[in-house]
Amino acid sequence: MHSNPNPQNVDPEQIARFSALAHRWWDPQGDLRPLHEINPLRLHYIDERAPLAGQQVLDVGCGGGLLSEAMARCQAQVVGIDVGEDALAVARMHAQAEGLAIDYRQITPEELSTQSPQQFDIITCMEMLEHVPDPASVISACARLLKPGGQVFFSTLNRNPKAFALAIIGAEYLLRMIPRGTHEYARFIKPVEMDRWIRQAGLKTREFTGLSYHPLMQRYRLTQDISVNYFVHACKEQCS
């Protein structure tokens, strides 16, 4: 297990950046358009491997609630956590308008893991690890929050020259798909690092799956190529 979990594992600059975007979180043509476009892929990837209906689900780093709402529509009982007050306010208002009962809380996964250990069947932590100072601490907290046999899903960016070229130079500067400064290359995570942190947390890696973007077709798809964006499926003990 990670020996020194950090309950304040937050970056104020990252919080401020996403807080500034909070009012546009649900605009499918806005600054967070890529999240809207990949959300159906994320949902299908998760639900195919760990059916959501009737499950206790935690969405770590939920932001304005795109994935949380999608999972709630699959009949999951969803708790969404984030440290950004503005994004959570947007998430609560949107869920209420949609008639969805989602429990949104302003708390870190480390703090929640001391309050509610082994409470969740499924945990999602998507596009979040590269925005915190200590990603291994988040992974360890997710392990503590999972029930035995529970499933956890992460997504992040690989750290190599190709990822720098496509995810920062391409997406932020050339195609302007996301605001400049959204990502810091030094915080990208190599799959070997991710796998090590998962094992150190007492979890078992099930698979790595790539997510690629075709700029001409303007479409995302799942792939075996994990050189830029990738998903990780892991589970706790007693999983098959």
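Residues numbered from 1 in each chain as written. Predicted model: local features only at pLDDT ≥ 70, side-chain atom pairs only at ≥ 80, totals over all residues. Heavy atoms only, no water.

Trainee: Could you clarify how one ought to interpret the overall build of the protein in this entry?
Mentor: Helices and strands together make up the secondary structure of the protein, namely eight helices and eight strands. Taking all 240 residues of the protein together, 52% fall into the buried category. Taken as a whole, the protein presents about 10900 Å² of accessible surface, with 52% of it coming from carbon and sulfur. (Helix = DSSP H or I, 4+ residues; strand = E, 2+ residues; numbered from the N terminus. Buried < 20%, exposed > 50% of the residue type's maximum accessible area, 1.4 Å probe, protein only. Areas by Shrake-Rupley, 256 points an atom, 1.4 Å probe, with all protein chains shown as cover.)

Trainee: Please clarify how unusual backbone geometry should be interpreted in this entry.
Mentor: Positioned with a positive phi, Q75 is a non-glycine residue whose angle comes to about 70°. Here Q75 falls in the exposed class, since its relative accessible area comes to 54%. Positive phi is not limited to glycine here, since E127 has a value of about 55°. Its place among the elements puts E127 in the loop between strand 4 (120-126) and helix 6 (135-145).

Trainee: Honestly, the packing of helix 2 (residues 33-49) against helix 3 (residues 66-73) in this entry has me stumped. Any pointers?
Mentor: The geometry of helix 2 relative to helix 3 is characterised by a closest axis approach of 10 Å and an angle of 40° between their N-to-C directions. By the angle class used here, helix 2 and helix 3 are oblique. Crossing angle aside, the handedness with which helix 2 passes helix 3 is right-handed. Across the interface between the two elements, L35, H36, N39, R42, L43 and I46 of helix 2 pack against L66, L67, A70 and M71 of helix 3. Tallied by class, the residues present in the contact of helix 2 with helix 3 amount to seven nonpolar, two polar and one charged. (Axes fitted to C-alpha atoms, helices over the stretch in contact; angles between N-to-C directions. Parallel < 35°, antiparallel > 145°, perpendicular 65-115°, else oblique. Left-handed = near helix turned anticlockwise from the far one by under 90°. Contact = heavy atoms within 4.5 Å. Nonpolar A, V, L, I, M, F, W, Y, C, P; charged D, E, K, R; others polar.)

Trainee: So what exactly am I meant to see when it comes to the pairing of strand 4 here?
Mentor: Consecutive side chains along a regular strand alternate between the two faces of the sheet. Most of strand 4 sits out of view: seven of its seven residues are buried. Note that the unit made of strand 4, helix 6 and strand 5 (residues 146-157) has a crossover that is right-handed. (Right-handed = clockwise from strand over helix to strand, strands pointing away.)

Trainee: Looking at this model, I keep getting lost on the sheet that holds strand 2 (residues 77-82). Mind explaining?
Mentor: Hydrogen bonds along the backbone pair up the strands of a sheet, which may run parallel or antiparallel. Read across the open sheet, the eight strands follow the order 3-2-1-4-5-8-6-7; overall the sheet is mixed. Lying at the two open borders of the sheet, with one neighbouring strand each, are strand 3 (103-106) and strand 7 (219-223). Along the sheet, successive strands turn relative to each other by an average axial angle of 20°, direction set aside. When strand 4 meets strand 5, the two strands line up parallel, connected through six bridges. (Pairing = 2+ DSSP bridges.)

Trainee: Any chance you could explain the packing of aromatic side chains here in plain terms?
Mentor: The description of two aromatic rings rests on the distance between their centres and on the angle between their planes. The full count for this structure, using the stated rule, is five aromatic pairs. Summarising the aromatic geometry, the rings of Y185 and F188 are spaced 5.7 Å apart at their centres and angled 70° between planes, so their arrangement reads as edge-to-face. Given a relative accessible area of 1%, F188 falls into the buried group. Residues Y213 and Y220 carry aromatic rings whose centres are separated by 4.6 Å and whose planes lie at 45° to one another, so their mutual orientation is tilted. Residue class for Y213 comes out partly exposed when judged on its relative accessible area of 26%. (Phe/Tyr/Trp six-rings, centres within 6.5 Å; stacked < 30°, edge-to-face > 60°.)

Trainee: Is there a simple way to think about the side chain of S137 in this case?
Mentor: Topologically, S137 is positioned in helix 6. In this structure the side chain of S137 is engaged in a polar contact, spanning 2.6 Å, whose partner is the side chain of E110. (Polar contact = N/O pair within 3.5 Å; in protein donor to acceptor, adjacent residues only side chain to side chain.)

Trainee: Is there a simple way to think about the pattern of salt bridges in this case?
Mentor: Pairing of side chains with opposite charge becomes possible as their charged atoms draw close. Enumeration over the complete set of coordinates arrives at 13 salt bridges. R199 serves as the salt-bridge partner of D195, at 3.1 Å between the closest nitrogen and oxygen. A residue pair is termed a helical-turn pair when its members lie 3 or 4 positions apart in one helix, as D195 and R199 do in helix 8 (residues 191-200) at four residues. (Salt bridge = Lys/Arg side-chain N within 4 Å of Asp/Glu carboxyl O.)

Trainee: Any chance you could explain the environment of T209 here in plain terms?
Mentor: As for its placement among the helices and strands, T209 is situated in strand 6 (residues 204-214). Assessed through its relative accessible area of 6%, T209 is described here as buried. For the pair T209 and Y230, spaced 21 residues apart in sequence, the C-alpha separation works out to 5.5 Å. When residues no more than four places from it in sequence are discounted, the contact partners of T209 are Y45, R49, L222, T223, I226, N229, Y230 and F231. Here Y45 takes part through its side chain, which lies 3.5 Å from a polar atom of the side chain of T209.

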